[in-house]
Amino acid sequence: MEPDAVEIRVVACLVEKQRTTPDQYPLTLNALRLACNQSTNRDPVVDYDESTIRSALDRLSRRKWATLASWSTSRSVKYKHLLDAALGLGDAQLALVCVLMLRGPQTAGELRQRSERIHRFESGEELERALDELVERELAVALPRRPGERGQRYAHRLAEVEEDTGAAPAEAAAPLEPSPVEPLPAPSPAADGLAERLERLEGEVAALRDQLHALRDELGA
């Protein structure tokens, strides 16, 4: 049975936080909930509760994609991913799969920009080679181009891919005139910096909250 959307989001967040905030990894359940539900670098944005995430972690554990960290207490149980070992992925491939799971289908250019904090690709050729290896192993797929689309988009294949080709339905009597397509504005470097800062602060708040819970338990003992 293929992993569902919650499992995909949970394991991808574990991979992302391992590489971007290693001092806060492995993650507590609350920190993982915040990572899954954050509004930046996510498509779609979700609102999972702890019960939903805990159930997904149980299923990921049976797949051997995630596990409990070796050190833990009843109040601060922590989790880590095993995705690279389970699928035999190198750093470059793991970074691409992670970003595809977090943000859906993307072009090679988008992947290079968005994966930089997880793995820095020295060239577009290096990224293309990693993508080709994933496609060859059937862990990623090149999607059909939609009308007006310039770049080739890729998606992961760890779960079923919903392809939106933008093609006209077969029952249509005549094709519609396409509307002019205006290019989207390039993302602002300042906006990217704010998003990264917000993501980092969310992780720090989660870590402080867990430390506070543990301190309260010690004082009440």
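Report on the accompanying structure. All values derive from a computational prediction rather than experimental measurement. (Residues numbered from 1 in each chain as written. Predicted model: local features only at pLDDT ≥ 70, side-chain atom pairs only at ≥ 80, totals over all residues. Heavy atoms only, no water.)

With that settled, consider the state of the cysteines. Summed over all chains, the structure comprises zero disulfides. Between cysteine 13, a free cysteine, and cysteine 36, which holds the nearest cysteine sulfur, the sulfur-to-sulfur gap is 4.0 Å. Look at cysteine 13 and you get buried, because its relative accessible area is 0%. Its sulfur unpaired, cysteine 98 is 7.8 Å from the next cysteine sulfur, which belongs to cysteine 13. (Disulfide = S-S within 2.5 Å. Buried < 20%, exposed > 50% of the residue type's maximum accessible area, 1.4 Å probe, protein only.)

Moving on: the packing of helix H1 (residues 5-20) against helix H2 (residues 29-37). Running from amino to carboxyl end, H1 crosses H2 at an angle of 100°, the nearest separation of the two axes being 9 Å. Comparing their axes, H2 and H1 come out roughly perpendicular. Contacts between H1 and H2 involve Arg9, Val10, Cys13, Leu14 and Lys17 on the former and, on the latter, Leu32, Ala35 and Cys36. Of the residues belonging to the contact of H1 with H2, the class tally is six nonpolar, no polar and two charged. (Axes fitted to C-alpha atoms, helices over the stretch in contact; angles between N-to-C directions. Helix = DSSP H or I, 4+ residues; strand = E, 2+ residues; numbered from the N terminus. Parallel < 35°, antiparallel > 145°, perpendicular 65-115°, else oblique. Contact = heavy atoms within 4.5 Å. Nonpolar A, V, L, I, M, F, W, Y, C, P; charged D, E, K, R; others polar.)

With that out of the way, let us pick up the nonpolar core. Grouped together as the largest cluster of nonpolar side chains are 50 residues, with contacts concentrated most on Val10, Leu14, Leu32 and Leu83. Elements with a minimum of two residues in this core: H1, H2, helix H3 (50-63), helix H4 (83-87), helix H5 (91-103), helix H6 (108-114) and helix H7 (124-136). It is H5 that provides the largest number of residues to this core, a total of 10 residues. When neighbours within four sequence positions are excluded, valine 10 is seen to be in contact with Leu32, Cys36, Ile53, Ala56, Leu57 and Leu60. (Core = buried A, V, L, I, M, F, W, Y, C linked by side-chain atoms within 4.5 Å.)

This part covers the packing of H1 against H3. Packed helices, taken two at a time, are described by their axes: the angle between them and the distance between them. Two elements in contact, H1 and H3, have axes separated by 9 Å at closest approach and are oriented at 80°. In this view, H1 runs roughly perpendicular relative to H3, as classed from their interaxial angle. Of the residues in H3, those in contact with Val6, Glu7, Val10, Val11 and Leu14 of H1 are Thr52, Ile53, Ala56, Leu57, Arg59, Leu60 and Arg63. For the contact of H1 with H3, a count of residues per class yields eight nonpolar, one polar and three charged.

This brings us to the packing of aromatic side chains. Using the criterion set out here, one finds zero aromatic pairs in the structure. Its end group placed over the ring of tryptophan 65, arginine 63 keeps NZ or CZ at 5.9 Å from the ring centre. (Phe/Tyr/Trp six-rings, centres within 6.5 Å; stacked < 30°, edge-to-face > 60°. Lys NZ or Arg CZ within 6 Å of the ring centre and 35° of its normal.)

Neither face of strand E6 (residues 153-156) is open: one carries Arg153 and Ala155, the other Tyr154 and His156, and all of them are buried. Pairing analysis gives two bridges linking strand E4 (residues 106-107) to E6, with the strands arranged antiparallel. Bridging across to E6, threonine 107 finds its partner in arginine 153. Pairing analysis gives three bridges linking strand E5 (residues 140-142) to E6, with the strands arranged antiparallel. From the neighbouring strand, alanine 140 faces E6, where its bridge partner is histidine 156. (Pairing = 2+ DSSP bridges.)

Moving on, we come to the environment of serine 55. Among the secondary structure elements, serine 55 is positioned in helix H3. Overall, the relative accessible area of 33% leaves serine 55 in the partly exposed class. Along the backbone, serine 55 and valine 6 are 49 residues apart, and their C-alpha atoms lie at a distance of 9.1 Å.

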